[in-house]
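Coordinate inspection notes
Next come the chains, spelled out residue by residue.
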There are 2 protein chains.
Amino acid sequence: MSNPELLPLVEPAEAVAPCCPPLTERPFTAEEAETAARMFKALGDPIRLRLFSAVASHEGGEACVCDISDVGVSQPTVSHHLKKLKDAGLLTSERRGTWVYYRVEPSVLAAMGKLLTVAPAAV
Amino acid sequence: MSNPELLPLVEPAEAVAPCCPPLTERPFTAEEAETAARMFKALGDPIRLRLFSAVASHEGGEACVCDISDVGVSQPTVSHHLKKLKDAGLLTSERRGTWVYYRVEPSVLAAMGKLLTVAPAAV
């Protein structure tokens, strides 16, 4: 999909370690729960979820703040929520000229998806 | 897996409609974000996540409160968190004799997993 000449890539600032087995596999330890809850909490707000989905579904999996501000809140509020998503390891960002570009961290999304896998033994 | 003679089944109180396309497919609407954020928020707390995982991974996918209280908080706090998970549609419950039994709602778990699917176009 990606063509570096057409679409500059944003490198993740740091790799986020995939955390935790599927929720249905065994009871989480306190440490696993801390890590996973941080990610779920970041998506547990409607505005953040809309921003995250706007970035995630944008062409090439990255978006400028200018592309995704249409969620009915002020620009500072948008920035605040994007920072929270970034702090939770769900987005990475890079400033290019005037704008900051956000990119979804696919490994984290995959890890969260894995958490929610329904194990055959549990259904 | 389940044998009704050995393991009574808990019927879901009501079917929870699967919500929303994958987060990577298109920007969420405000309504979709409200629904999905409610579920993510419910899992955005370490104690709730441990309780949820304890129920989800318990034999037969259901557990008595007596099985899952080992998370370092008081019984009323456990009950409070279980109620929040139930209100979010992630657990169903049924009283049988002395105890309340909790069961994971598999359709909701599957719907949340689908939200986090990484669409090929986005990576």
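One structure accompanies this document, and this report is about it. This one's a predicted model, so the numbers in the text were calculated from it and none came from an experiment.

**Digging into the sheet that holds strand β3 (residues 99-104) of chain A**
All names here are of chain A. Spatially, the three strands line up as an open sheet ordered β1-β3-β2, and their pairing is antiparallel. For this open sheet the edge positions go to β1 (62-64) and β2 (91-96), each flanked by a neighbour on one side alone. Ignoring which end each strand starts from, the neighbouring axes of this sheet average 25° apart. Note: β1 against β3, three bridges, orientation antiparallel. Across the sheet, residue E62 finds its bridge partner in β3, namely R103.

**Structural notes on the relation of the copies chain A and chain B**
The transform that puts chain A on chain B rotates by 180° and translates by 0.0 Å along the axis, for an RMSD of 0.0 Å. The superposition of one copy onto the other is thereby described by a two-fold rotation axis. Here 97% of the interface residues in chain A have copies in chain B that are interface residues too; the copies meet face to matching face.

**Notes on the sheet that holds strand β1 (residues 62-64) of chain B**
Residue and element names in this part refer to chain B. Spatially, the three strands line up as an open sheet ordered β1-β3-β2, and their pairing is antiparallel. Because the sheet does not close on itself, it has two edges, and the strands there are β1 and β2 (91-96). In this sheet, neighbouring strand axes are inclined to one another by 25° on average, regardless of whether the strands run parallel or antiparallel. Its contacts with the sheet put helix α3 (residues 75-87) on β2 and β3 (99-104), and the angle it makes with β2 is roughly 125°.

**Description of the pattern of salt bridges**
If charged atoms from side chains of opposite charge come close, those side chains can pair. Inspection of every chain in the model, using the stated rule, returns 10 salt bridges over all chains. Across the salt bridge formed by R96 of chain A and E62 of chain A, the nearest N and O atoms sit 2.9 Å from each other. Placement of R96 of chain A in strand β2 and of E62 of chain A in strand β1 is noted, with a sequence separation of 34 residues between them. Exposure remark for E62 of chain A: the relative accessible area of 5% places this residue in the buried category. E62 of chain B is the salt-bridge partner of R103 of chain B, the closest N and O atoms lying 3.9 Å from each other. Of this pair, R103 of chain B sits in strand β3 while E62 of chain B sits in strand β1, and the two are 41 residues apart along the sequence. In this pair, the class of R103 of chain B matches that of E62 of chain B, namely buried. Ionic contacts of the salt-bridge type, sharing partners, join the residues E62, E94, R96 and R103 of chain A into one network.

**So, the state of the cysteines**
Residues and elements named next belong to chain B. Enumeration according to the criterion identifies two disulfides over all chains in this entry. Each sulfur of the disulfide joining C64 and C66 lies 2.2 Å from the other. Taking the sign of the S-S torsion, about 130° here, the bridge from C64 to C66 comes out right-handed.

Analysis parameters
Residues numbered from 1 in each chain as written. Chains lettered and ligands numbered in written order. Predicted model: local features only at pLDDT ≥ 70, side-chain atom pairs only at ≥ 80, totals over all residues. Heavy atoms only, no water. Pairing = 2+ DSSP bridges. Helix = DSSP H or I, 4+ residues; strand = E, 2+ residues; numbered from the N terminus. Axes fitted to C-alpha atoms, helices over the stretch in contact; angles between N-to-C directions. Least-squares fit on C-alpha atoms with pLDDT ≥ 70 in both. Contact = heavy atoms within 4.5 Å. Salt bridge = Lys/Arg side-chain N within 4 Å of Asp/Glu carboxyl O. Buried < 20%, exposed > 50% of the residue type's maximum accessible area, 1.4 Å probe, protein only. Disulfide = S-S within 2.5 Å.

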